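Chain and residue survey
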Amino acid sequence: MLSWFGIAVAVLAQMPADGAAQVKKVDGLVPALREMAADPLVIQAVREQNARREALDAIQARDAAWMATPALTPFKERLLSSACSRVLNRHRSKLGRVIAEAFAMDNQGALVGATRRTSDYWQGDEEKFQVPFTQGLQLREKPFFDESS
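A few points on the structure. Model, not experiment: these values are computed from the prediction. (Residues numbered from 1 in each chain as written. Predicted model: local features only at pLDDT ≥ 70, side-chain atom pairs only at ≥ 80, totals over all residues. Heavy atoms only, no water.)

1. Digging into the environment of M105
Note on placement: M105 falls in strand β1 (residues 103–105). Overall, the relative accessible area of 21% leaves M105 in the partly exposed class. Along the chain, M105 and A45 lie 60 residues apart, while their C-alpha atoms are 9.6 Å from each other. Those residues within four positions of M105 in sequence are excluded, and the remaining contacts are V46, A110, L111, V112, Q123, K128 and F129. (Helix = DSSP H or I, 4+ residues; strand = E, 2+ residues; numbered from the N terminus. Buried < 20%, exposed > 50% of the residue type's maximum accessible area, 1.4 Å probe, protein only. Contact = heavy atoms within 4.5 Å.)

2. Side note on the packing of aromatic side chains
Taken as a whole and judged by the stated rule, the model has three aromatic pairs. With a centroid separation of 5.7 Å and an interplanar angle of 35 degrees, the aromatic rings of W66 and Y121 are classed as tilted. Here W66, found in helix α4 (residues 56–68), pairs with Y121, found in the loop between β2 (111–114) and α7 (127–135); they are 55 residues apart in sequence, far enough to count as distant. In this structure, W66 and Y121 share a single accessibility class: buried. By way of ring pairs, the aromatic residues W66, F75 and Y121 are connected into one cluster. The side chain of K76 reaches across the aromatic face of W66, ending 5.3 Å from its centre. (Phe/Tyr/Trp six-rings, centres within 6.5 Å; stacked < 30°, edge-to-face > 60°. Lys NZ or Arg CZ within 6 Å of the ring centre and 35° of its normal.)

3. Some points on the nonpolar core
If you look at the biggest cluster of nonpolar residues, it comprises 12 residues: L29, M36, V42, A45, V46, C84, V87, L88, I99, A102, A104 and V112. Within the residue set of this core, elements represented by two or more residues are α2 (19–37), α3 (40–52) and α6 (83–95). If near-sequence neighbours (up to four positions away) are discounted, A102 is found in contact with M36, L88, G113, A114 and T115. (Core = buried A, V, L, I, M, F, W, Y, C linked by side-chain atoms within 4.5 Å.)

Distances and angles like these do not, on their own, reveal function.
Quick look at the structure:
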């Protein structure tokens, strides 16, 4: 217990002045975020997309097309208006303005649903996918600026 506390204090001490306050806010939201992630409609949408077993090269091609234009393409519109996206938005609305964005990913890191347009479609090369999916751990990052949110 003592070593965990020491690590947490060391990490918080390196954050910007408001970083500790931001982490405390996130900690308070964890139950609502877990409820969002466990929503049966979100789980169903992820399972359905996983069952399609899309090839990684096809996902990466969609990712390249997604990033190539900031415009709201028909593919982006379909994803952002999907049942999964509507459920995520409903949960986000209940929480108010404290959540900038929320999105669900399949087992390869491809978006299944999102509350807003993300900077890219494929999250599989990022820690936010890799740590939870490959290590089974909850990822906690320091607060940082993200252009999409």
